[in-house]
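Listed below are the residues making up each chain.
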Amino acid sequence: MFKRILFLWALSLSFLACEEVIQPLPSPQVDSDRKVLLEEFSGGNCQPCADAADEISNLLGIHGENLIVVTMHTYLPAPQASPAPGATYDFRTDEGTEILNILGVPFGIPTGGVNRRPLGINDSRLISPFSAWAGIISDELNRPPLVDVGLETTFNAADRSLSINVNILSNADLNGDIRLTVMIAENDITDKQLTDDGVVDFKHKHVLRDVISSVSGDNLATSLSTNELVNKTYSYTIPTTDERGPWVAENCEIIAFVTLVDDAAGEQEVLQAAQVKLSE
Amino acid sequence: MKNLIYTLWALLFLVLCHSAIAQDQQGNSGGILSGNLEANANFFMRDTLIGAEGTPQYDRQLFGGESWLNLNYSNWGFEFGLRFDVYNNSFLPNPLDSYTDEGIGRWFVKKKIHKLGITVGYIYDQIGSGIIFRAYEERPLFIDNALFGLQLTYDLSPDWQIKGFTGRQKNRFDTYESVLKGGSIEGFISSGESANWSMAPGLGVVGKTLSDGAYTQLQNTVANYLPQDTFSLQYNSYAFTLYNNLTIGNFNWYVEGAYKTGDIYFDQFATRLTRTEGGVKEVEGKYANNDGSVIYTSLSWATRGFGASVEAKRTENFNFRANPFVSLNQGFINFLPPMTRINTYRLTSRYNAATQEIGEQSIQADITYAPTRKLSFNVNFSNITDLGNVNKDQGETLLYRELYTEVQYKYKRKWSLIAGVQMQRYNQEVFEEKPEVPIVETFTPYFDFLYKIDRKKAIRFESQYMMIGDDIKADSKQDYGSWLFGLVEFTVAPHWTFTISDMYNIDPGKQSPSDATGEKIDVHYPRFDIYYTNKSNRFSLSYVKQVEGVVCSGGICRLEPAFSGVKMTVNSSF
């Protein structure tokens, strides 16, 4: 009996029979033409959202211009999505809420979509926790862009008029519903945010102000051949202020991205993105 | 493909059942077909005052439900099982979202060949108390951690059994990609029929191999950390456990010790440095690669009219999941036993201590004394602290403390009274990740009076009054403030039960709803229920208004939203 038990226990130790080959960590910096879009969903009354903002700074420090971030405050029916107590502004927008609805319904915030691809658990396009963004962004940087997006802006400070010129050059033969989305976001807006240290004045970054194109993207083409060029222009006037507070033009940035959309399947992915700061 | 699988399974069951009926007609059937049905239907009625709004169910779907039909058939030494699951606009997986899917939620085939037992399919099982492995189902929490794979058992002797298994853990109608394998040896030792002692020892091991996808994602994630926070990663991790249940006379002593080798998990309390525009900053939450341990023991003694038990548990870094990127109640490989009393009254069960995987030490004691058959007393005490991981500079932090007392008196068979007081300290900041909130303090007297009108009819009254401490910073009562709960239940045996209750926010707190002027409102949350039972069928129809709550874990907050609407349930077994 004892021998039998000993034998079986020894057999179970065969679980540990081989020592695993440990692989070195890859370099976080990826040499890529790809610009990855991170659409973050945040809230003023959400303490982990402040930590997510720090993580975004960290990721921008690593990936630089290869990472494009837009932070959306939405009307998600959760107390965390509301402005923090004592906040001067309410950053929530209908457009951000509409985009969140396109990507799915999260367990909570912070959450984020990377290139609108189903890269989260259970093929969700919303990825939580925010600590998981880094690995997915690195993966996405290794995927070559199927289109190039050139983005130029002309801003007239006197009348705050903005002209946006977007050139899209296809790197492959593409078929399907190809759309262009153009947004405006603002950096360095100081207002209240719930953090580990309670509600404090916080520098909000990449805050979505408006979607200049249609929210689901303007139709660009139903097919593109390799090296085919498409151009789109937009005109926009940057408000001096609205119900969400003053707009500081030099802190604003324009984001443009091309999506391939399959409405019937409820799927889409960002093929490439671009960003220009108005202060540049 | 999915339809083909359903059809094949349905055909297999039809063949089996038809075969059983045919044999029955010939009078030689050995087959048994059994099963059960559970079905829930929710009709949503928007109530903006309590926050029952904004989800797809309130906005447009108006209806949601779930059902599980479980069929078991045994014959020819085989056991077959099949469960069909339906989720229609269900809020179970995510209370903010609507989930619709249906399919075979479980199937299995089981056969015993002499001493060898074979099971394939979706398997529910555990090793010891589940600390290193537990595959189980908890429908209200949307937990279904069945192991999809193969399990073999072998009877070494009538009292000793060895078990081995491998497979992947169920994830909705799919599986996680990580591969699990494990085994255990369990036995029973006693000194003979006349002896007053026995032992049931066991030991087990479980191994997890990460999928390539999860490993690569983890590598890319950790590579983004600053050098001092990075670590090398391994695909495999193992958990071992050794346990024994010793019975000597009226004493029973269970002890289990478990150890987990280096495993990658998300530690929401650990800190790391991140790059910022101005340099570096320390933030909370990082992936870690640490070994872990749990030690759990339970000692009980019972004699005529007296029973006492003491439990203790220490947990360190024992987050063991099929995928390190899942959070909340997803992907658990194991189960850490809770160390608090399971309360059932509406208000005494409002604040619950969720098991802490990263660090926890807890103790629970329970004493029951019944001097006569009419009178009994019960006292339960539990205390849970962390291991100094929550506030690293302040040492151990109190997570939960409860003192629960109960007196029960039965007068003949005419009436009975249960009464007592509960006191709690609940660390809302840790359990719900709400920053800057004080430890919730509750004091809740309660009573439960049952009066039997005649042999068939009975009426029961229940009430609790939960007094909540002050939130000095917020200059208000803590959380939702104080509550008064009352219930009247009228039963006509054996079929009908009618219940009416109200949970009244008698002294609103910081989280209570406000009116247009910002004044807190003392809201009523009424509920009406009708239950009808006929043999093995049970039906219920309820009108419910339920207060909201927030649950957070791993940096993600989840709203358990307020509910307003009508609920129907059907339970049946055959």
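Now for a look at the structure at hand. (Residues numbered from 1 in each chain as written. Chains lettered and ligands numbered in written order. Predicted model: local features only at pLDDT ≥ 70, side-chain atom pairs only at ≥ 80, totals over all residues. Heavy atoms only, no water.)

## So, the overall build of chain A
Consideration 1: Helix and strand counts for chain A stand at four helices and 15 strands.
Consideration 2: Along the longest, intermediate and shortest principal axes, the C-alpha atoms of chain A span 90 × 55 × 35 Å.
Consideration 3: Buried positions account for 53% of the 280 residues belonging to chain A.
Consideration 4: Sequence separation of 24 or more characterises 71% of the internal contacts of chain A that already satisfy a separation of 6 or more.
Consideration 5: Within the structure as shown, chain A displays about 11500 Å² of accessible surface, and the carbon and sulfur contribution to it stands at 49%. (Helix = DSSP H or I, 4+ residues; strand = E, 2+ residues; numbered from the N terminus. Buried < 20%, exposed > 50% of the residue type's maximum accessible area, 1.4 Å probe, protein only. Contact = heavy atoms within 4.5 Å. Areas by Shrake-Rupley, 256 points an atom, 1.4 Å probe, with all protein chains shown as cover.)

## So, the interface of chain A and chain B
Consideration 1: The interface of chain A with chain B comprises 54 residues on the first partner and 61 residues on the second.
Consideration 2: The junction of chain A with chain B conceals about 5000 Å² of combined surface from both sides, 61% of it contributed by carbon and sulfur atoms.
Consideration 3: Inspection of the chain A/chain B interface yields two salt bridges.
Consideration 4: The residue Arg272(B) makes a salt bridge to Glu55(A) at a minimum N-O spacing of 2.4 Å. (Buried area = accessible area lost by both parts, 1.4 Å probe. Salt bridge = Lys/Arg side-chain N within 4 Å of Asp/Glu carboxyl O.)

## Structural notes on helix H3 (residues 212-223) of chain B
Consideration 1: With twelve residues, H3(B) should cover 16 Å at 1.5 Å per step; its first-to-last C-alpha distance of 16 Å lies within 8% of that length.
Consideration 2: In terms of burial, H3(B) is a largely internal element, nine of the twelve residues being buried.
Consideration 3: Those residues of H3(B) lying buried are Ala214(B), Tyr215(B), Gln217(B), Leu218(B), Gln219(B), Asn220(B), Thr221(B), Val222(B) and Ala223(B).
Consideration 4: The inward-facing, buried residues of H3(B) contact helix H4 (133-141) of chain A together with strand E17 (251-276) and strand E18 (279-303) of chain B. (Expected span 1.5 Å × (residues − 1).)

## Describing the packing of aromatic side chains
Given two aromatic rings, one states the distance between the centres and the angle between the planes to describe the pair.
Residue and element names in this part refer to chain B.
Consideration 1: Tallied over the entire structure, the rule returns 40 aromatic pairs over all chains.
Consideration 2: For the ring pair Tyr-404 and Tyr-446, a centre distance of 5.5 Å and an interplane angle of 20° mean the geometry is stacked. Residue Tyr-404 is found in strand E22 (residues 398-411), and its partner Tyr-446 is found in strand E24 (residues 440-452); the two are separated by 42 residues along the sequence.
Consideration 3: Residue Tyr-404 is classed as buried on the basis of its relative accessible area of 1%. (Phe/Tyr/Trp six-rings, centres within 6.5 Å; stacked < 30°, edge-to-face > 60°.)

## Some thoughts on the state of the cysteines
Residue and element names in this part refer to chain A.
Consideration 1: Overall, the coordinates contain one disulfide over all chains when judged by the stated rule.
Consideration 2: What pairs with Cys-46 in a disulfide is Cys-49, and their sulfur atoms sit 2.2 Å apart. Residues Cys-46 and Cys-49 are joined by a disulfide whose S-S torsion is about 85°; by sign, that bridge is right-handed.
Consideration 3: Overall, Cys-49 belongs to the buried group, its relative accessible area being 2%. (Disulfide = S-S within 2.5 Å.)

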